[in-house]
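Residues per chain are reported as follows:
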Amino acid sequence: MVLSQHSANSLPSLVSLYLYSEEFGPVFIQEPDDAIFPLDSDEKKVVMHCEARGNPPPTYSWYINGTEVDSDADYRYSFIDGNLIIANASEITDFGKYQCKAVNSFGTVLSRDALLQFAYLRAFSPKTRGGVSVREGQGVVLICTPPPHSPEIIYSWVFNEFPSFVAEDSRRFISQDTGNLYISKVQPSDVGSYICLVKNTVTNAKVLSPPTPLTLKTDGVMGEYEPKIEVHFPTSVLAAKGVIVRLECFALGNPVPTITWRKINGNIPKKARLRKSQAVLEIPNIQLEDSGTYECKAENPRGGTAFKGHLQVYTLPQWVRMINDTQMDSGEKLQWECKATGRPRPTYRWLRNGLPLTPQGRLEIVNGELTVHKVQQTDSGMYQCVAENKYGAIYSNAELKILASAPVFVPNPVRVIATLGKDVSLECKPRASPKPRITWKRGDRRIQPNKRIMLLRNNTLKIVNSSRADEGNYVCRAENQLGSAEMTAILWVKEAMRVVLSPSRVEVTVGESVVLSCKATHDTSLDVAFQWFFNQRPINFQHDGGHFEYIQTQSSTVDLMIRSILLKHAGKYGCRAQTSADTVFAEAELLVRGPPGPPGVVIVEEITDTTATLSWTRGLDNHSPISTYNLQARSPFSLGWQTVKTDPDPVTGDLESAMAVELNPWVEYEFRVVASNAIGTGDPSAPSRGVRTKEAVPSVAPANVSGGNGRRHELVISWEPVSEEFQNGEGFGYIVAFRANGTRGWKEKMVTSADSTMYKYRDETFPPLTPFEVKVGVYNNKGDGPFSKVVIIHSAEGEPREAPSDVKAYSISSSDIRVTWKPPNPGPGKPRGYEVSYWKDTEQEESGKKQRTVKNETSMVLTGLEGNSVYLITVKGFNSIGQGPASAAVTAKTRKARECSSDTNHALLYMEYRLPVKFAQKSPCKKCCN
């Protein structure tokens, strides 16, 4: 129960009485909800729920369609707490609206209505259905005629046999309103047996109709004809706000008609969707603005027809303002207002303890406003405001309590300590209803108000500029028609307390510590309590214990230790001393010197290719003058923030603008400013917006220009690319310049890719290892930049041009052949190694094997060969450029394998490979020798 409305004059008594009483009328925790009960359910009981809290606990009764349920007269009804149990429920006797009533000694409340429905699906009539015969091209409607059911059902049609379902398209449509199957233009493939299948949306039960045969007449084919709308939505459609609305429209016709939709005097909502080949317009989450007239149009080449219907959206009532529990003194005026929205606009009615209220005598009802003049004890009870339209009703409940009690004072007596020379107030707040009459006296004399002693409207006795003479007992008497009571206020007047906080102003540097001392001078008969504040907020010593410490030095003196001071500790520190007589607050100021705060917003005033003019606003100097500013920049190419050179240099603390110089052209920069003073360097400003310096001619040439290698007649030139940071503009590329040593004119080639690192020039006329003077320059859209230093690069020597000579091969065992050769004549294309190819004389050269020397050796042993076999062998040189020509093939035949002893093998190993005898003895003995 919430106390929300009351008379201003009765507030103290109402609050105290409200806290004193825990008794209250019924308040619903759970009200009955609409329910659908399947008749074929295994659970044969229906439970309608109702629960309310109250003190004393409420009792319950139920109403069905306005008639009270009598559980004694009908054994099927029973109650468990507030719930209604219906056994063997049936649609005939139990369908309808249910309402729960909760009652205790403070009043009666009625729940909202709940509708109980029953879900079932009967069987189709078993009567045989007659066949339907039409011409090809004619339209047809197959009637479903569903059996009795509740609630909604879903329709589908089976073709010939289950589960072959009719597929809906622009020619065939199943209405979920009528259940009928519509075929706009019958084709020979449609001939067959049709069965209507319906499904209950609650129980999921399904039943099938008897079949309806569809045949074609033999007297000809139906010619073309204009559309005829066979199924459509009603001329007036009512829909609840928030639901999905489906409007149907389908026509017969030949050719098959096309369905289109429009909203008269408006646009179809964007959220709407067309379903079933445009035969259904579906509007989800319908809103008031979706109301209007909708039209569907069916057209084919033979003509067209249309249908219009109006969609109206309604809303259930919803509360805008509700009534709340109220306690009042008798004789006061009660005013309650409830207000709801809805379409149609709701009407209002009022109930008291479950019974209708009508305007009469002291009671006025105007729409949702209820006024009761001069309330009486008989007006107490449970009130309900009901807002309803034809689509539903809502209830707002509240309890009205009319208070009645003789005056009571809690606590009593009251002790008041005042400060000498200050004003003092003695309150008189009895708990009573109706409001009592108040009088004050001191001793036996009634107090007469004067300039120094005043009786306020709220019955408080105020004494101005109190003195010792005012000490003593003061009695407040309260009286109403139910009784009277007295309260004694005992007044003492004490000397005023004085508080000194020292030092009152102190300056420190970041990192230092300071002690503030608070001393109170007060009446020794009173205890004093201290509390420290920082910038008007109490200091939390547990949370801020790292910096603040509370020190009690004497009973009337406390210290505040502030350690390792930070800039954030600057401000006002307060000490509050409090006794039961008065409270005194003293304040001291702490100034903290430290590095400057961050400068204000940094603005780029002007930008060139290498400079940026910046401005900023001064930040806090933190009690130490700013000496200098440091300008910093950050780009995609820098490692974080870097200090930049400035003009002027240095940037003194009295300036608020400067120029950053020696920037790189065509680079995006952010800037920030850092201030310094004698204490140190502060935090940086926030970064400026990103700006790009203007373009300029490149100023950095490529580094490490070199080259060489390549194929014969090629000059290969390589370099390190210039970083984007130094390209200075768009359209960046390289100029490769070269000339044969001793010639005058330079050849220049443009390389347009900024990422290029190499250029190859080919000329059949120059011999290998021709020396060239080479330099590489840069350019961009602004012009040509510098060239690198001239270096000497030789053209490629090319691959070997001659084959090795004097190639010889001979067998050294049944599996090994030694090959030797002489290198080709010295000159360009010197081999860096040799490749030996070998294959059996019974094989093709392409299937042979190859082995390469590790370095520039001129011999090789071929191993793993087959014994007693002839091999062909060639040798060619190779280098980093490629391979040279192969020598003429030579032949060698491996020896024939034969059995031998291990001793013989040892000897052979020694003879053939010149191995030491010791090594030969450790070598594995072959089972054959040569």
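Residues numbered from 1 in each chain as written. Predicted model: local features only at pLDDT ≥ 70, side-chain atom pairs only at ≥ 80, totals over all residues. Heavy atoms only, no water.

Chemist: Got a minute to help me understand the packing of aromatic side chains in this structure?
Modeler: Think of a pair of aromatic rings as described by two things: how far the centres are apart, and how the planes are tilted against each other in angle. By the definition in use, this model includes 24 aromatic pairs. Arranged with centres 5.6 Å apart and planes meeting at 70°, the rings of F533 and F585 form a pair that is edge-to-face. In this pair, F533 sits in strand β51 (residues 529–534) while F585 sits in strand β56 (residues 583–593), placing the two residues 52 residues apart along the sequence. Looking at F533, the relative accessible area reads 8%, which means it is buried. One aromatic cluster is present, built from ring pairs that chain together F738, Y759, Y761, F766 and F772. The cationic tip of R692 hangs over the ring face of W666; the distance from NZ or CZ to the ring centre is 4.8 Å. Over the ring of F878 we find R852; its NZ or CZ atom is 3.8 Å from the centre of that ring. (Phe/Tyr/Trp six-rings, centres within 6.5 Å; stacked < 30°, edge-to-face > 60°. Helix = DSSP H or I, 4+ residues; strand = E, 2+ residues; numbered from the N terminus. Buried < 20%, exposed > 50% of the residue type's maximum accessible area, 1.4 Å probe, protein only. Lys NZ or Arg CZ within 6 Å of the ring centre and 35° of its normal.)

Chemist: Please explain the pairing of strand β5 (residues 59–64) as it appears in this structure.
Modeler: Residues in a regular strand project their side chains so that they alternate between the two faces of the sheet. Where β5 lies against strand β9 (residues 96–104), six bridges are found, and the strand directions are antiparallel. Note that in β9 the partner of W62 across the bridge is C100. When β5 meets strand β6 (residues 67–68), the two strands line up antiparallel, connected through two bridges. Counterpart to I64 in the pairing with β6 is T67. Hairpin connection, β5 to β6: the antiparallel pair is bridged by two residues, and N65 has positive phi, about 50°. (Pairing = 2+ DSSP bridges.)

Chemist: Explain the environment of E337 to me, please; I cannot follow it from the model alone.
Modeler: Along the chain, E337 turns up in strand β30 (residues 334–337). Considered as a pair, E337 and I365 are 28 residues apart in the sequence and their alpha carbons are 9.8 Å apart. The residues contacting E337, other than those within four sequence positions of it, are R321, M322, I323, G368 and E369. Looking at E337, its side chain comes within polar contact range of the side chain of R321, at 2.9 Å. (Contact = heavy atoms within 4.5 Å. Polar contact = N/O pair within 3.5 Å; in protein donor to acceptor, adjacent residues only side chain to side chain.)

Chemist: In this structure, what is going on with the pattern of salt bridges? I would like to understand it.
Modeler: Charged atoms that come close allow side chains of opposite charge to pair. Counting across every chain of the model gives 37 salt bridges. In this structure, K429 and E427 form a salt bridge, with 3.6 Å as the shortest nitrogen-oxygen distance. In this structure, R477 engages E479 in a salt bridge whose closest nitrogen and oxygen atoms are separated by 3.9 Å. A residue is classified by how much of its surface remains accessible, and R477, at 29% relative accessible area, is partly exposed. The class for E479 is partly exposed, based on a relative accessible area of 33%. Through salt bridges that share partners, R437, K441, R477, E479 and E486 make up one connected network. (Salt bridge = Lys/Arg side-chain N within 4 Å of Asp/Glu carboxyl O.)

Chemist: What exactly am I supposed to notice about unusual backbone geometry here?
Modeler: Note: most peptide bonds trans; most residues except glycine with negative phi. The peptide bond linking S150 to P151 adopts the cis configuration, its omega dihedral lying at -10°. In this structure, P151 sits in the loop between β14 (149–150) and β15 (153–159). For the bond from N254 to P255, the omega torsion is 0°, close enough to zero to count as cis. Structurally, P255 is set in the loop between β23 (245–254) and β24 (258–263). Positive phi outside glycine occurs at N204, with the angle close to 65°. Structurally, N204 is set in the loop between β18 (192–200) and β19 (206–208). Of the residues examined, N204 reaches a relative accessible area of 47% and is grouped as partly exposed. Phi at D806 takes a positive value of approximately 55°, unusual for a residue other than glycine. Following the sequence through the fold, D806 ends up in strand β74 (residues 805–811).

Chemist: Quick question: what am I supposed to make of the sheet that holds strand β16 (residues 172–174) here?
Modeler: The strands making up a sheet associate through hydrogen bonds between their backbones, and the pairing can be parallel or antiparallel. Overall, antiparallel pairing links the three strands, which are arranged β13-β17-β16 in an open sheet. For this open sheet the edge positions go to β13 (140–142) and β16, each flanked by a neighbour on one side alone. The sheet shows a mean angle of 15° between the axes of neighbouring strands, direction not considered. (Axes fitted to C-alpha atoms, helices over the stretch in contact; angles between N-to-C directions.)

Chemist: What exactly am I supposed to notice about the UniProt feature "domain: Fibronectin type-III" (unreviewed entry) in the protein here?
Modeler: Here, the residues flagged by UniProt with the feature "domain: Fibronectin type-III" (unreviewed entry) are residues 598–696, 701–798 and 803–897. Summarising residues 598–696: 0% helix, 42% strand, and an end-to-end C-alpha distance of 34 Å. Here residues 701–798 runs as 0% helix and 50% strand, with 30 Å between its end C-alpha atoms. (UniProt positions renumbered as here; feature names shortened; annotations may be inferred.)

Chemist: Is there a simple way to explain the pairing of strand β35 (residues 369–372) in this structure?
Modeler: One ladder, built from four bridges, connects β30 with β35; its direction is antiparallel. By the bridge assignment for β35, L334 is matched with V372. As paired strands, strand β34 (residues 363–366) and β35 are joined by four bridges and run antiparallel to one another. Paired with L363 across the strands is V372, a residue of β35.

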